[in-house]
Amino acid sequence: MLLPLRGALAALVASEKRDDLLSPQSRCAALQTTLKLANTQILNVTYIPGPTTVSTPGSCVSSAAVNNAPLCRVQFVTNTTSTSALHGEAWLPDVWYGRFLGLGNAQVGGCVDYTNLDYATSLHFAVISTDNGHDGLTGLPFLNHPEVINDFGFRSVHTEAILGKQIVQKYYSRAPAKSYYMGCSTGGRQGIQEALKYPNDFDGIVAGSPATDWNNLLGWAGMVSKAVGAPAGAASPSFLTTADWALVTAEALKQCDGLDGLVDGIINEPNDCKFDPTPLLCAGDKTATCLTAAQVTAVKNVFSPLRDSNGALMYPQYDIGAQADGLYSLILGGNFFSFTADWTRYAVKNVTSFDFTNYSLADIKQSIQINPGSTATWNGDLSAFRRRGGKLLTFHGRRDPLIPSSNSKRMYDMIAKTLKTPSLDDFYRLFLIPGMGHCTRGIDGGPTAFGQGQFPGTNRVNDTQHNILLALVDWVEKGKAPNTITGTSLTDLTMQKVHCRYPIEKSVWDGSQWVCKKCA
Ligand code: CA
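Keep in mind the model is a prediction, meaning the values are calculated, not measured.

### Things to note about empty space enclosed by the protein
Leftover empty space is mapped by rolling, across the atoms, a probe with the size of a water molecule.
Reasoning step 1: Counted according to the given criterion, the structure contains one cavity of 30 Å³ or more.
Reasoning step 2: A volume near 40 Å³ is recorded for the largest cavity.
Reasoning step 3: In terms of lining, the largest cavity is formed by Asp151, Phe152, Gly153, Phe154, Arg155, Ser156, Val157, Gln190, Gln193 and Glu194.
Reasoning step 4: Secondary structure elements with two or more residues in the lining of the largest cavity: helix 4 (146-172) and helix 5 (186-197).
Reasoning step 5: Of the residues forming the lining of the largest cavity, the biggest block, seven residues, is contributed by helix 4.

Here it is as C-alpha cells:
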C-alpha cells in the first residue's frame, strides 16, 4: 500500500508544482472556465498587469484605478434568493500574503468599493466587494423587495465571505490562512452584524463609525433635520444658514475648545462640553451676529439626545463641532434627511411617497418594530465572536456630521454590560478620533489618516502603529493588541497624533504634546 500511496502523493505534488509554475496570467485565464460557485455566474475574469484604469459596471462609478498591484479580477453575479442577487468582484494579487479581506458598503447604497479593492491588494490581501444587493446610492430598490433588504441588512457580507474564500482556494490552491473584514458607516454596521450573526466568517474585523442601532439612528436624523426646518427648508423659522451655524461653531469653541488643554479649534471630547447656545440669542431683531429664539431652540434640540415619550434614550446627540464639517447639510441643511426618507418609504412603509411634515416618534417606532432586514444591528451579545478568538477594532470621529460618535461609546457600554465585563480589551477596542469627520478627514490637514481606507492615501504610514488594518493583522496573527493608533495628516507626514481607546484613556494636551491619559 505504501508504494502506490507514495506514487499518488508524488503525482499530486507534481501536479501542484505544475499549477504553481503557470504564470498568473494563465492561472487567471483558466478561472473563467474552471471556477464553479453555487448560484453564481462568473461574468468576466481579467488579468490586470499593472497600474491602469478599468471600466466598471453599475451606476456608482464609471471607472476604477488599479494603482498598486498586478492582479486577477473576477466579476460575478450570485443569486441570494430567487428575487435578489449580488454583483461583485474579487481582486487576487500576484503577490499574496495568504490573507482574505471582505469589504463593506456605504449609506443606503449598493456600490462595489473599488477604492478599497485597490488599497487591499496593495497590502497583498485577496479581497472581495459586492454591491450589497442593489445598484446605486438610493434605497429605491428596497421597494416591494424584502429579499433585497435582507441582503442589505445581513446577507451580502456573509455571502461574500463564503464566495471569497472559495475563489481564493481555487485561484491560489489553498485556503486563506486568516480572513478579515473592513468597512465604515454602513460598512461598520455590516462588520458588527457579521460578528453578531456569523462569528466564524472573519478572524478580524475593522468596523469604523458603525451605523448601528440603524432604525433609531435614521429616526434621530429625521427628527434632527425636522428640528432645523425640514421639510420647509429655509422658509422655516428654525432654519439656520451656513453663516448662522458658523456663529454656533465659534460660540461652541469659545465654551469648550480649551477643555482638552489646548485651544486648537478641536473639541477632543465633545461629551465634556456642556454647550449652551443662549449667549447667541438676539436682544432685538435678527442680525448677522445673533440667533432668533426659534433658532436657539433648534440648536438645543440638535445637541440633545432623542428621547421617547417616557424620557428613555433613543439615540445620542449630534457631535458638538460636527456642524462645521462639509457634510453637515445632509442632516442640518433644511431638507428631510434623504437616507431616513428612503428607509421610511421603501423599506418600512413600502410606499413610493410620504409626507414628512409630521414625521414623529410613531414613525420611528414603526421602523423599530418592523426592523426591515434585521438591519437594527443593536445587540451586545458578541460572546460567540469572542469565544472563537475573533478580534474587532472600531473607531469613530468625534466630529462626525452623520453618525454621532457617542453611539460608539454607547455600543461599547452595551456590549460590556451584556457580557458582564467592564473591559472588552481582550477582543474589542474602540478608538475615538478627535477632529475627524465621517469615517475620514475632518479638520483640514488633521492627523486623521490611519489606514482606514475610504479614499486613496489614508495609509500614509504602513506599520501597525499607524495603520489600523495592519494593527488588526498583528492582533489576530501575533496576539499583539494595539493600545493606541497614531493618525497622520494627509498633507504633512510629520503631523501626527496619538488616538486613544475608550473607556480607558482620553486625549489631552500635556503642555507639549498630545497624550492618552488614563480616565479617572
Ligand atoms: Ca482643543
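### Description of the pairing of strand 9 (residues 204-208)
Reasoning step 1: By the criterion of burial, strand 9 is predominantly enclosed, with five of the five residues buried.
Reasoning step 2: Along strand 9, one buried face is formed by Gly204, Val206 and Gly208 and the opposite face, lined by Ile205 and Ala207, is buried too.
Reasoning step 3: The pairing of strand 8 (residues 178-184) with strand 9 spans five bridges and is parallel. In the strand pairing of strand 9, tyrosine 181 is matched with isoleucine 205.
Reasoning step 4: For the crossover from strand 8 across helix 5 to strand 9, the handedness is right-handed.
Reasoning step 5: Note that strand 9 and strand 12 (residues 391-397) share five bridges and pair parallel. Each residue of the ladder has a partner; that of glycine 204, found in strand 12, is lysine 391.

### Description of the coordination of the calcium ion
Reasoning step 1: Distances from the calcium ion to its protein donors, Asp257 (O), Asp257 (OD), Asp260 (OD), Asp260 (OD), Leu262 (O), Asp264 (OD) and Ile266 (O), fall at 2.3 to 2.6 Å.
Reasoning step 2: Here the donor residues of the calcium ion share one chain and are spaced in sequence as D-x2-D-x1-L-x1-D-x1-I.
Reasoning step 3: A relative accessible area of 24% means that leucine 262 is categorised as partly exposed.

Calculation rules
Residues numbered from 1 in each chain as written. Predicted model: local features only at pLDDT ≥ 70, side-chain atom pairs only at ≥ 80, totals over all residues. Heavy atoms only, no water. 1 Å grid on protein atoms, 1.4 Å probe; cavity = no way out; pocket = protein on both sides within 12 Å on 5 of 7 lines; lining within 4 Å. Points joined across faces, edges and corners; volume = space filled by probe spheres on them. Helix = DSSP H or I, 4+ residues; strand = E, 2+ residues; numbered from the N terminus. Buried < 20%, exposed > 50% of the residue type's maximum accessible area, 1.4 Å probe, protein only. Pairing = 2+ DSSP bridges. Right-handed = clockwise from strand over helix to strand, strands pointing away. Donors = N, O, S within 2.8 Å, 3.2 Å for Na, K, Ca; no water.

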